[in-house]
Each structure stands twice: as C-alpha cells, then as structure tokens.
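# Residue-level structure breakdown
The lines below spell out each chain.
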Amino acid sequence: MNDQPPLLRVSGLKKSYGPAEVLKGISFDLKKGETLSLIGPSGSGKSTCLRCLNFLEKPQAGEVLLGTERIGQRPDRKGGWRLMSDTEMAPQRREIGMVFQLFYLWPHLTVRDNVALASIKAAGMRRDEAHALAEEMLEKVHLRHKADAYPEQLSGGQQQRVAIARTLAQKPQLILFDEPTSALDPELVGEVLGVIRELAEEGRSMILVTHEIRFARDVADRVIFMEGGHIVEEGPAAQVINQPRMERTRSFLGQVGA
Ligand SMILES: Nc1ncnc2c1ncn2[C@@H]1O[C@H](COP(=O)(O)OP(=O)(O)OP(=O)(O)O)[C@@H](O)[C@H]1O
Ligand SMILES: [Mg+2]
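Owing to the predicted nature of the structure, the values given are computational and were not obtained by experimental measurement.

At a minimum axis separation of 8 Å, helix H3 (residues 111-121) and helix H5 (residues 156-169) run at an interaxial angle of 25°. In terms of orientation, H3 and H5 fall into the roughly parallel class. The handedness of the crossing between H3 and H5 comes out as right-handed. Across the interface between the two elements, Val-111, Asn-114, Val-115 and Ser-119 of H3 pack against Val-162, Ala-165, Arg-166 and Ala-169 of H5. Among the residues making up the contact of H3 with H5, the classes are represented as five nonpolar, two polar and one charged.

So this is what it looks like as structure tokens:
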C-alpha cells in the first residue's frame, strides 16, 4: 500500500488575484482511499486550493496529477504546457466530484432526475440506467424514499445529501467537499456529516474543507492546516488536532474551540 503512487499529487500550486497572492506554493499528496481535511482561518485559501485542483480556477504555477494524468494542462508544441479548454477538461472534471456549501439542485426536477441528469446529458447513459444508478446513489445517502420528491419538499440536510448522491453518480475518483455543512441549520449538520463519514469508511478518496474540527479529527486520515496561502502544518488527523507542532496551529485551534 505504501509503495503505491499517490492518487493525487499537487505540487507548487500558486494563485494570485491581481497583486494578491492567495496560494503561495501548495504541495501535498493524497493516497487512494484517504480522507484529507483542509482547515484554516477564513481567507487562508482553502476554497481557492480546492477550485484549483480541478481548474475551476486556473493556477498561475504548479501542477496537479490525478494518477498519471495532468489535470487542466496539455503539452504544447514548444515543450511547455498550455491550458486545456473547458471541453477538453470535461472528462477530467467528471473524475473529480465537488460538493459545495450550497447545493444548486434544479427546482423543477425530481430528486431522481437531479441525480440522473449528468449521467444522461454528460455521460450519455440511457435514461433507465441513469435512473437505476440514481436510486442506488440515493440509497447510499439514505434518501431512496424521496426519489419522487422535489427539492423544495426536502430539508437543507436532505438537499445536501441529494447533492452528494449526484456527485457519487458521476463515479469520480476523488471527491472535494467545500464546507458542505456550513449553510445548514445546526440540527441538520449531523445527518450530512454521517453520510460523509460512511463514504470515508467505504474508502473513498476525499478532500474535505470544514470548520467542524472534531469531525475532521475523527473522520480524516490526515489534516492540513493552512494560513495565508501556505501549508503551516500537515500530519495524521489526531496529531495535528490534538498535539499540533506549530504555535500558529495551536492558537487557531484554541480560537475555534477545538
Ligand atoms: N475571485 C476572487 N477574486 C479576488 N479575490 C479572491 C477571489 N476568490 C478568493 N479571493 C481571495 O482569496 C483569499 C482566499 O480566499 P478563499 O475563499 O480561498 O479562502 P477560504 O480559506 O476558503 O476562506 P473561508 O473559510 O472564508 O471560506 C481571500 O483573501 C479572498 O478574498
Ligand atoms: Mg472557503
């Protein structure tokens, strides 16, 4: 297992908005089956980092390898690299699923159709197959019985679980979560975290940005603490959160009451 090449290898990722450098050279690996949690203060670059991994944001420097495939860039004729177009990138984006804070379900489609839509439109699956897959994925988030409901008939926690099922239906190699519970009422957070925990236990490869520090400690294999566009500290989840090495990590954890 340890000799396996990583599923994801991120090296030297840099991103600026105008004069502001938001990612200052981020490098890390993710093994297949691993859950990595990204924590850090607001504005530290966590969301930007996730969005650069699938080139929703274009980094100015660095590379992202998924397996042996370089994400977002193709060799050019001069021996360098050029950015891929959105069309060229579409198959790669299907390999990297994303779950956001807000769920963006289609209000006029049933839960089943929301989950099946991309399988039909983007992957060209037959409608009945896509529906069967959608129901299987809804089962995973414990919402098969809501397949005929419309999003507005569901709670926020249920809607987010549908969004997770929609991402699972894409059969991605890697799932990125950006604060999937921070738009939810507190009593609905648990059901969504419960589903994420089950996915981690299934051995999915995931990166989770979260302010739920105790959850990160319990569910993630590794934790990265970021601040100011740098990785300050990285290690096994329990070590970084219970016994941080860096003073800065310690004070952040103290502030958020972890
Ligand atoms: N599209 C953009 N244009 C300009 N600046 C941006 C843009 N997106 C992010 N930033 C800036 O980049 C920095 C990092 O933002 P990012 O959203 O990655 O932080 P974060 O760690 O996810 O914070 P939070 O915990 O609040 O979600 C911030 O200073 C933010 O203002
Ligand atoms: Mg963010």
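Anyway, onward from the coordinates.
This paragraph deals with the pairing of strand E3 (residues 35-39). In terms of residue burial, E3 counts as a mostly covered element, since five of its five residues are buried. Judged by which residues are buried, E3 turns out to be covered on both faces: Thr-35, Ser-37 and Ile-39 on one side and Leu-36 and Leu-38 on the other are all buried. For E3 and strand E10 (residues 206-209), the ladder comprises four bridges, and the chain directions are parallel. Counterpart to Thr-35 in the pairing with E10 is Met-206. Taken together, the four bridges between E3 and strand E11 (residues 222-227) define a ladder with parallel strand orientation. Paired with Leu-38 across the bridge in E11 is Ile-224.

Generally speaking, a soluble globular protein has its nonpolar side chains buried in company with each other. Counting residues in each nonpolar core, the largest one holds 37 residues, and the members touching the most others are Leu-138, Val-162, Ile-164, Phe-177 and Ile-196. Listing elements by their share of this core, those giving two or more residues are H3, helix H4 (127-140), H5, strand E9 (174-178), helix H6 (186-201), E10 and helix H7 (213-219). With eight residues, H6 is the single largest residue contributor to this core. If sequence neighbours within four positions are ignored, Val-162 has contacts with Leu-105, Val-111, Val-115, Leu-138, Leu-143 and Leu-154. In this structure, Leu-50, Cys-52, Leu-176 and Val-209 belong to the second largest nonpolar core, which totals 28 residues.

Right, let's talk about the side chain of Arg-161 for a bit. Turning to its location among the elements, Arg-161 is positioned in helix H5. Engagement of the side chain of Arg-161 in a polar contact is seen with the backbone oxygen of His-142, the distance being 3.3 Å. Setting aside chain neighbours within four positions, we find Arg-161 in contact with Val-141, His-142, Leu-143, Glu-191, Val-192 and Val-195.

Our focus in this paragraph is helix H9 (residues 247-255). The set of residues buried in H9 consists of Thr-249, Phe-252 and Leu-253. In an axial view of H9, the angular spread of the buried residues amounts to 95°, which keeps them on one side of the axis. Facing away from the buried side of H9 by over 90 degrees, the exposed positions are Glu-247, Gly-254 and Gln-255. Contacts from the buried residues of H9 go to E3, H7, E11, strand E12 (230-236) and helix H8 (237-242). Downstream of H9 by one or two residues, Gly-257 has phi in the positive range, about 75°.

The rules we used
- Per-chain numbering applies: the sequence of each chain, read as written, is numbered from 1 onward.
- Chains carry letters and ligands carry numbers; both start at the beginning, A for chains and 1 for ligands, and go up in the order they are written.
- Given that the model is predicted, a residue must reach a pLDDT of at least 70 before its local features are reported, and side-chain atom pairs must reach 80 or more before they are shown or counted; all residues, however, enter totals for whole chains, interfaces and linings.
- Calculated side-chain values reflect all of the structure's heavy atoms, with hydrogen atoms and water omitted.
- Only the stretch in contact is used when fitting a helix axis, every axis being a line fitted to C-alpha atoms; angles between N-to-C directions are given from 0 to 180 degrees.
- Strands here are runs of E lasting at least two residues and helices are runs of H or I lasting at least four, both read from the DSSP assignment and numbered beginning at the N terminus.
- Working rule for angles: under 35 degrees goes down as roughly parallel, over 145 as roughly antiparallel, 65 to 115 as roughly perpendicular, anything else as oblique.
- Handedness of each helix crossing follows the sense of rotation of the near helix against the far helix: counterclockwise by less than a right angle gives left-handed, clockwise gives right-handed.
- We call two residues in contact when some of their heavy atoms are within 4.5 Å.
- Asp, Glu, Lys and Arg are counted as charged, while Ala, Val, Leu, Ile, Met, Phe, Trp, Tyr, Cys and Pro are counted as nonpolar; the rest, among them Gly, fall into the polar class.
- Here the term buried applies to any residue with accessible area under 20% of the maximum for its type, exposed to any over 50%, and partly exposed to those in between, with areas from a 1.4 Å probe on protein chains only.
- For two strands to be treated as a pair, DSSP must find at least two bridges joining them.
- Only buried Ala, Val, Leu, Ile, Met, Phe, Trp, Tyr and Cys residues count toward a nonpolar core, and they belong to the same one when joined by side-chain atoms within 4.5 Å.
- The term polar contact refers here to a pair of N or O atoms within 3.5 Å; inside protein, the definition further demands a hydrogen-donor-capable atom paired with an acceptor-capable atom, and it admits residues adjacent in sequence only when both atoms are side-chain atoms.
- Arc, as used here, means the arc of the directions from the helix axis to the C-beta atoms.

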